[in-house]
Amino acid sequence: MNPDLKILQGLNNKQLESVSLDVNTNALILAGAGSGKTRVLTHRIAYLIQEKNIPLESILAVTFTNKAAGEMRDRLSLILRRPIPNMWVGTFHGLAHRLLRLHHDKANLSAQFQILDSQDQFRIIKRLMKENQVDESKYPVKQIQWFINSQKDEGLRPQDIDPGYNFFIKKSVEIYTLYEAHCQRNDLIDFAELLLRSYELLKNNEDLLNHFKSRFSHILIDEFQDTNKIQYNWIKQLYSGSNHLFCVGDDDQSIYGWRGARVENIQKLETDFNPLKTIRLEQNYRSTGTILSASNQLISNNTDRLGKSLWTDSGDGEMIDVYEARDEINEAEYVTSKIKALVSADANYSDCAILYRSNAQSRAFEEVLIKHNLPYVIYGGLRFFERAEIKDAMCYLRLSHAKNDDVAFERIVNFPPRGIGNSTLQKIREYAQQNLTSLYIAAKEIQPDLSTRASNSIKSFVEQMESIDDAIKHLNLSEKVAKILTLSGLMNYYENDKSDKAGSKKDNLEELIAAAKNYLHEDEEIDEITGFISLATLESSVESNHNPQQNIQLMTIHSAKGLEFENVFLVGMEEDLFPTNRSKEESHLLSEERRLCYVGMTRARKKLTLTHAIKRFIHGQSIYAYPSRFLSEIPDQHLNWINENQHSLQSQFSNSPAKSIVPESTSQLAIGASVRHAKFGMGTITNFEGSGDSQRVQVNFQSAGSKWLILSYANLDFI
DNA sequence: TCACAAACCCTTTTT
DNA sequence: GGGTTTGTGA
C-alpha cells in the first residue's frame, strides 16, 4: 500500500483499506450513511485500473439508478482523465438491456424488441384479462401485475409456480402465462423480464457465460442491500471463483423490501463468495454527533442487524426539535415559520428539506408554502418520460420507426381524437389476430370494409403516419421529434388544451425536443432512434439542469435516500402513518419502517426537526393519532420538545367539540362476529382498530376476500 | 364516439 | 380530499 498515490489521498483509514484491498479479494464494505461509500467505490475502480493495471474492459460496475451510474461514470472519467464510453458501468436493467441487444437472437428476441414500462404493462394485462373474461373486481389488475413482477423478481416462470389450492394464485398464474405468450409474440420485454431473460440467456449459453465470466475479472456493486433474488443470482452466475466481487451496502438503509429487495443477500455473500473480507465504514462526514447518536439509538431497536455504529469528530451540534402540531396545517405552519427563520439567518431555501412518509402529506405543506409565498419544489409523482403528453409523442416516434409496434399504435390511433373508437379498434384487433399481422397493417387492410365514418378516420390516420414518415426521413433526431409534434397534431392539441392552464404540457413537449437534441448516441449496436426510445423507457426522468435550485425541497423519505440537506424536517411522526398501520403486525415490516426513519434522520447535516400532529385529515376523514413510537425510541437527552407547555393535550381536546371517541356500536365489534355488506355479502370480522369516525374493521368476506372497511361508511349489518 | 358525472381508490416506486 | 377511471346519455 502506498499512501502517496493520488487516488488514495484524502481517504480515512478504513476507506483507504477498502480502496487498496488486494486485487484478489472478495469484499463487502458496510458503509453507513454519509461515510463516503460512492467515493470508495469509484476510487476502488480507479485504483484497479491505474495502479493494478486491470483493463477497463474487465470491470463490471453495477448500480441501481441511472443517476448513480451517471455520477460514477463522470467521476471515473475525471479521475482517469479520459472518456470511458464503452465501459460496463450501469444499472442492473441497463446492463441487462445491453446484453439482450447484443445477443437478442440467443435470447429469442428480434433486434427491434421493445421495452414496456409499468403503464404499458398494466394496459396489456388489463386487456388480456378482459379478453379472457377475468373479473377485475375479483382480481384487480394492479395485484396481478404485482404478482407477475414479483414472480419474475424471484426468477420464476409460470411453470415454476405451484398455486396449491389458492384460487387467486391459480388465476394469477393463468394470466401470467397469457401475458408471457403475448409479450413473446409481440417482442416485448418488461423491466423484470430484462433481468430474468438476460439471466436465462447466460444460463442457457455456456459459451457466452464463460466469455463474460473470464472477461469481467472485477465485479463491483453499489447499494447491495437493495438487490432482489434475480439480481443476486445474476451476479452469482457471473462469478467464476477466479474473478472478484466488491460490494458496497448498508443493511440499515434497506427500504425496498416491499419491492422484493432482500437484505439477507448481504449475509449470503459470506457463504457464496468465500473468503470475503468485510470492512465497516462508520465514520460519518455528514451529520452532527447528536443526530448520529439519536439515529444509532433508534436503529438499535432492530434485531438481526450486521451491526454498525456511526460516529463523527465534528461535535454534537444542536438538539433535535420535536414539535407537536394541532393538525397537518398547524404542522406545515410551524415548519414554514422555522424555514423562514433559517433563511433570514442566512440559510438557502434549498438547504431545507421536508421529508414525509407518503406523497399525500405534501398537500398541506404546498398550501401553506404558497400562502407564505415561499419557493418550493416537490419531487416525485410522474417523471418526465412517464407523462401522458411525452408518451404520446414517443409513441408517434415509435410507430413511425416500427410499424409493428402495437403498444404505440393502441395509444395514438385515436389520440388526438379522430373518431376511431373502441368498436373499430376491436375489429382491427380481431383482424390482426386472425391474420397474424400488426395492428397498423390490419387497420390498413381492413379500412375499405369499414363503415364510411370509421373508414375515413382510419384512412386519414394512415395518411398522417405516411406523411410523417416521409417528412422526417432525412432529419436528425431532434428535428424528427419536432416535426412529429406538429404533424401528429399533438402540439396543436395541447396548445388548445384548456385543462392545462399553465401550459406545462406544451412546455414538456418542447422539453422533449431539447431532450432529443441532448441525446448522445454511443451504442453502435443499435440505431439512434431505438437507443433514444430505450433510454426514454429505462431512464424515465430527465436532467432538469435549468432548475434554479433555490427551492425548499419536498419529497418522500424513499426518494431522499442518498441525498443530504443542512436542515431536515421529518414530518408526520405518528403511529399508523409512520410506522404505517399495515406494518405494525409484522416485525419485518416494522423494522423496515424503522430503517426508513433512520434514513430520514441521517439525511440531516446540521439541524433535524421532527413533527407530529394530534389530528390529521386523511382520505377525507379526521384521524386522531398518537406520536410515533420512533420518537420514544430516541433518548430524551437529544430531544427538545418544543411545545409541551404551550399546547397541552387537555387544551386541545377541550377546544374541539366533544366527539365521542368510542362508537356506539363497539359492543357488536368482536372478532369472529358475522356481518353482511351490501356489495360484498356475508363475512366474518377478523380485526378492528381506531375509534370514532376513523374506526375500521377488517372483514373476511366469503366471496370477496378480506377487506378493511371504514365502519361509519360500510353500513354493515351485524348478524 | 365523446363529454361529463358518478364511482372508486388510496404507502413507499431506483428500473 | 383529490385524481383517475368507469359508466351513461346525447
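Procedures and definitions
- Residues numbered from 1 in each chain as written.
- Chains lettered and ligands numbered in written order.
- Predicted model: local features only at pLDDT ≥ 70, side-chain atom pairs only at ≥ 80, totals over all residues.
- Heavy atoms only, no water.
- Buried < 20%, exposed > 50% of the residue type's maximum accessible area, 1.4 Å probe, protein only.
- Helix = DSSP H or I, 4+ residues; strand = E, 2+ residues; numbered from the N terminus.
- Pairing = 2+ DSSP bridges.
- Right-handed = clockwise from strand over helix to strand, strands pointing away.
- Near = heavy atom within 4 Å.
- Polar contact = N/O pair within 3.5 Å; in protein donor to acceptor, adjacent residues only side chain to side chain.
- Phe/Tyr/Trp six-rings, centres within 6.5 Å; stacked < 30°, edge-to-face > 60°.
- Lys NZ or Arg CZ within 6 Å of the ring centre and 35° of its normal.
- Axes fitted to C-alpha atoms, helices over the stretch in contact; angles between N-to-C directions.
- Parallel < 35°, antiparallel > 145°, perpendicular 65-115°, else oblique.
- Left-handed = near helix turned anticlockwise from the far one by under 90°.
- Contact = heavy atoms within 4.5 Å.
- Nonpolar A, V, L, I, M, F, W, Y, C, P; charged D, E, K, R; others polar.
- Core = buried A, V, L, I, M, F, W, Y, C linked by side-chain atoms within 4.5 Å.
- Disulfide = S-S within 2.5 Å.

Draft legend 1. Structural view of the pairing of strand 13 (residues 565–570). Burial analysis of strand 13 places five of its six residues in the buried class, the great majority of the element. Looking at chain direction, strand 10 (residues 352–356) and strand 13 are connected through four bridges and run parallel. Bridge pairing links Ala353 to Val568 in strand 13. Alignment of strand 13 against strand 14 (residues 604–613), held across five bridges, turns out to be parallel. Each residue of the ladder has a partner; that of Val568, found in strand 14, is Leu608. Following the backbone out of strand 13, through helix 25 (residues 587–601) and into the adjacent parallel strand 14, one traces a crossover that is right-handed.

Draft legend 2. How the structure looks around the protein's contact with DNA strand B. Close to DNA strand B lie 30 residues, the nearest being Arg357, Arg383, Gly421, Thr556 and Arg582. Taking all atoms of DNA strand B within 4 Å of the protein, the share assigned to sugar and phosphate is 57%. Within the side chain of His93, a nitrogen or oxygen atom sits 3.4 Å from a base oxygen of DNA strand B. For DNA strand B, a phosphate oxygen lies 3.4 Å from a polar atom in the backbone of Asn422.

Draft legend 3. Spatial organisation of the packing of aromatic side chains. Within this structure, the stated rule accounts for 20 aromatic pairs. Relative to Phe216, the ring of Phe212 has its centre 5.7 Å away and its plane inclined at 15 degrees; by these criteria the two rings are stacked. When its relative accessible area of 3% is taken as the criterion, Phe212 is described as buried. The exposure class of Phe216 is buried, given its relative accessible area of 2%. For the ring pair Tyr232 and Phe273, a centre distance of 6.2 Å and an interplane angle of 75 degrees mean the geometry is edge-to-face. Taken together, the residues Tyr232 in helix 10 (residues 229–238) and Phe273 in the loop between helix 11 (264–272) and strand 8 (276–281) connect sequence positions 41 residues apart. Taking the relative accessible area as the measure of exposure, Tyr232 reaches 1% and is therefore buried. Ring pairing ties together the aromatic residues Phe224, Tyr232, Tyr239 and Phe273, which thus form one cluster. The ring of Trp88 carries the charged tip of Arg98 above its face, separated from the ring centre by 4.4 Å. Looking at Lys403, its charged tip hangs above the ring of Tyr440, at a distance of 5.6 Å from the centre.

Draft legend 4. Structural detail: the side chain of Asn243. By secondary structure assignment, the location of Asn243 is in the loop between helix 10 and strand 7 (244–249). A polar contact is formed between the side chain of Asn243 and the backbone oxygen of Lys213, at a distance of 3.3 Å. Only 2.8 Å separates the side chain of Asn243 from the backbone oxygen of Leu238, close enough to count as a polar contact.

Draft legend 5. View of the packing of helix 6 (residues 141–153) against helix 8 (residues 191–204). Close contact between helix 6 and helix 8 brings their axes to 9 Å; oriented N to C, the two are set at 25 degrees. Our classification of the angle between helix 6 and helix 8 gives roughly parallel. Crossing geometry of helix 6 relative to helix 8 is assigned as left-handed. Residues Asn149, Lys152 and Asp153 of helix 6 touch helix 8, and the partners they reach there are Ala192, Glu193 and Leu196. Tallied by class, the residues present in the contact of helix 6 with helix 8 amount to two nonpolar, one polar and three charged.

Draft legend 6. Structural context of the sheet that holds strand 7. Ordered in space as 3-2-6-7-1-8, the six strands form an open sheet in which the pairing is parallel. Strands at the two margins of the open sheet, each flanked by one partner only, are strand 3 (88–91) and strand 8. On average, each strand axis in the sheet is tilted by 15 degrees relative to the strand beside it, whichever way the strands run. In this structure, strand 1 (residues 26–31) lies alongside strand 8, joined through six bridges in parallel fashion. Pairing of Ile29 across the sheet is with Ile279, part of strand 8.

Draft legend 7. Structural detail: the side chain of Thr227. Position of Thr227 among the secondary structure elements: in the loop between strand 6 (218–221) and helix 10. Only 2.8 Å separates the side chain of Thr227 from the backbone oxygen of Phe224, close enough to count as a polar contact. Ignoring any residue separated from it by four or fewer positions in sequence, one finds Thr227 in contact with Phe64, Phe92, Gly260, Ala261, Arg262 and Asn265.

Draft legend 8. Focus on unusual backbone geometry. Here Asn274 and Pro275 are connected by a cis peptide whose omega angle stands at -5 degrees. With respect to the helices, strands and loops of the structure, Pro275 is situated in the loop between helix 11 and strand 8. Phi at Asn53 is positive, roughly 55 degrees, even though this residue is not glycine. Secondary-structure assignment places Asn53 in the loop between helix 2 (37–50) and strand 2 (59–63). Located in the positive-phi region is Asn108, a residue other than glycine, with phi close to 65 degrees. Tracing the backbone shows Asn108 in the loop between helix 4 (92–102) and strand 4 (114–116).

Draft legend 9. Fine view of the packing of helix 8 against helix 10. Here helix 8 crosses helix 10 at 25 degrees, and the two axes come no closer than 10 Å. Relative to helix 10, the element helix 8 lies roughly parallel. The two elements helix 8 and helix 10 meet at a crossing, and its hand is left-handed. When helix 8 is examined against helix 10, the residues Leu195, Leu196, Ser198, Tyr199, Leu202 and Lys203 are found in contact with a partner set consisting of Ile230, Gln231, Asn233, Trp234, Gln237 and Leu238. The residue inventory of the contact of helix 8 with helix 10, partitioned by class, reads seven nonpolar, four polar and one charged.

Draft legend 10. Structural detail: the protein's contact with DNA strand C. Around DNA strand C, a shell composed of Lys126, Arg363, Phe617, His619 and Gly620 is seen. Protein-adjacent atoms of DNA strand C, using a 4 Å cutoff, are sugar or phosphate at a proportion of 57%. Tallied by class, the residues present in the surface near DNA strand C amount to one nonpolar, two polar and two charged.

Draft legend 11. How the structure looks around the nonpolar core. With 60 residues, the main nonpolar core has Leu60, Ile221, Trp234, Ile235 and Leu269 as its most contacted residues. Considering every element that reaches this core, the biggest residue donor is helix 8, with six residues. Sequence-distant contacts of Ile221, defined by excluding residues within four places in its chain, comprise Leu41, Val62, Phe92, Ile235, Leu245, Phe246, Cys247 and Val248.

Draft legend 12. Spotlight on the sheet that holds strand 13. Read from one edge of the open sheet, seven strands run 11-12-10-13-14-9-17, paired in parallel fashion. The two strands at the open ends of the sheet, each matched to only one other strand, are strand 11 (376–378) and strand 17 (639–641). Here the strands of the sheet are splayed against their neighbours by 25 degrees on average, with no regard to which way each runs. Sheet contacts for helix 13 (residues 328–344): strand 9 (320–325), strand 10, strand 12 (552–556), strand 13 and strand 14; angle to strand 14, the most-contacted strand, approximately 155 degrees. Across the face of the sheet, helix 14 (residues 362–371) comes into contact with strand 10, strand 11 and strand 12 while running at roughly 160 degrees to strand 11.

Draft legend 13. Region of interest: the state of the cysteines. The final tally for this structure, using the stated rule, is zero disulfides. Its sulfur unpaired, Cys352 is 20 Å from the next cysteine sulfur, which belongs to Cys597. On the basis of relative accessible area, Cys352 is assigned to the buried category, the value being 0%. Cysteine Cys395 is unpaired, with the sulfur of Cys183 as its nearest cysteine sulfur at 15 Å. We classify Cys395 as buried; its relative accessible area is 2%.

Scope: geometric values only; no functional claims are made or implied.
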